[in-house]
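In case you want the letters, here they are:
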Amino acid sequence: MTPALGRFLAIRSADELASQMLSVAIGWYVYSATHSPMSLAYAGLAQFLPNAAMALIAGHAADRFPRRTVVGCALAAQTVCVTAFYFSTAVSAPAARPVYLLLLLLGAARAFGSPAMSAALPGVVSAQDFPRAVAASSSALQISTLAGPAVGGVVYALGGRAVFAIAAGLYFVAMTQAWRLPSGSRMSGPSDQSIMAGIRYVRSNRLLLGLLSLDLFAVLLGGVAALLPIYAKDILAVGPIGLGCLRCAPGAGAAVVGIVLARRTIGHAAGRLMLWCVAGFGLATVVFALSASFWLSLAALTAAGGFDMVSMVIRHTLVQVATPDAMRGRVSAINWVFIGASNELGEFESGATAAVFGTVPAALLGGLGTLAVVGLWAFLFPELRRKQTSVQFEDYAHSH
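Residues numbered from 1 in each chain as written. Predicted model: local features only at pLDDT ≥ 70, side-chain atom pairs only at ≥ 80, totals over all residues. Heavy atoms only, no water.

Topologically, Ser144 is positioned in helix α5 (residues 130-158). Take Ser144: its relative accessible area is 7%, and that puts it in the buried class. Among the polar contacts listed, one links the side chain of Ser144 to the backbone oxygen of Ser13, at a separation of 3.1 Å. Once residues within four sequence positions are removed from consideration, Ser144 is found in contact with Ser13, Glu16, Leu17, Gln20 and Pro149. (Helix = DSSP H or I, 4+ residues; strand = E, 2+ residues; numbered from the N terminus. Buried < 20%, exposed > 50% of the residue type's maximum accessible area, 1.4 Å probe, protein only. Polar contact = N/O pair within 3.5 Å; in protein donor to acceptor, adjacent residues only side chain to side chain. Contact = heavy atoms within 4.5 Å.)

Two elements in contact, helix α1 (residues 3-34) and helix α3 (residues 67-88), have axes separated by 13 Å at closest approach and are oriented at 30°. Compared by their axis directions, α1 and α3 come out roughly parallel. The hand of the α1/α3 crossing is left-handed. Contacts from Ile11, Asp15, Leu22 and Tyr29 in α1 reach Leu75, Gln78, Val82 and Phe85 in α3. (Axes fitted to C-alpha atoms, helices over the stretch in contact; angles between N-to-C directions. Parallel < 35°, antiparallel > 145°, perpendicular 65-115°, else oblique. Left-handed = near helix turned anticlockwise from the far one by under 90°.)

When pLDDT is averaged along the chain, the result is 79, and 86% of the positions lie at 70 or above. Here residues 389-400 is modelled with pLDDT under 50, and outside its nearest four sequence neighbours on either side it reaches 27 contacts, counting other chains as well. (pLDDT = per-residue confidence, 0-100.)

Attention now goes to the side chain of Ser213. Looking at the element boundaries, Ser213 is found in helix α8 (residues 206-222). Accessibility expressed as a relative area gives 7% for Ser213, which makes it buried. At 3.3 Å, the side chain of Ser213 forms a polar contact with the backbone oxygen of Gly210. A polar atom in the side chain of Ser213 sits 2.8 Å from the side chain of Trp377. Apart from residues lying up to four places away in sequence, Ser213 is in contact with Phe338, Trp377 and Phe381.

Now the structure itself:
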């Protein structure tokens, strides 16, 4: 592992660890203050709106300015926001509105930082090592996803404000390392200057459009993250520590799969494999929705995370290898909107559906909806069934 890749993995890990700790603390904080599923829906919406509003500007910034500068400034903003919220909780009673403001600000910072970070990865490794670097990065991300909720749940149970202090410290450490990353390529040539180039590129490539939209709709429908505080508090009765375990279960499955993929690349028929894994994600969501057992729920979420990891590695590799470096920021921003929509907007969908139909029916409908999306996308985008991973890696070697 090169020093630059080690630095990159440290930044991703610290950033995600802080974010996952905050997700547990904020979810429990909001639901305890309101006892309303809609409050969790609004929390997801508050994180999604900045992504949608700033995606084009953020992608343009990632291509126009040094990517380490964009990442460092985003992490600095996150550090300030979480530190301010830490002090505000000392003088005010629990309430949802300050949390929504915090999430809007954090979402805006991440809208700039995440595309720049994704676009920076090809610049820290060689073309030959890139596929394994994607798996290593995804694995580090999932290990943090695994550890963050568990640590956040334990720390919050001992004293809620400490979660925000630790998260601010992690953001600060990540910020200090971001300034040492390679600066990355900038836009060059008159044809590269358009802020809309990323949208046009994705629209013109049916494979990319199929991959991104499949992830968008599958996770938007099948994601149950927003409902976990309700399951932990009212259905499984396991408290904040149990909530942390539920939140880390998908990361456990994803981390194991990521470690395997870091050593062995995906073989032929990757597109078909991805479709089967998205279907497995939907089926695991159905099992979780119907489970009244804490251990079965953990197993279902772990399986869902493992299935999702395969899809993530295939999608992220293809997006990066098929895009010229000078345009990677704008394309990564489009990808980040799809990811944000499937996660944060998915949380809004889950919370809103639970408020109307109930928690268990909402989770069940989401899992069944994911299975329906897989069947429909396999028909609409036959390119997904035919894609071979080896072609992706060769494309990267030619375009890097």
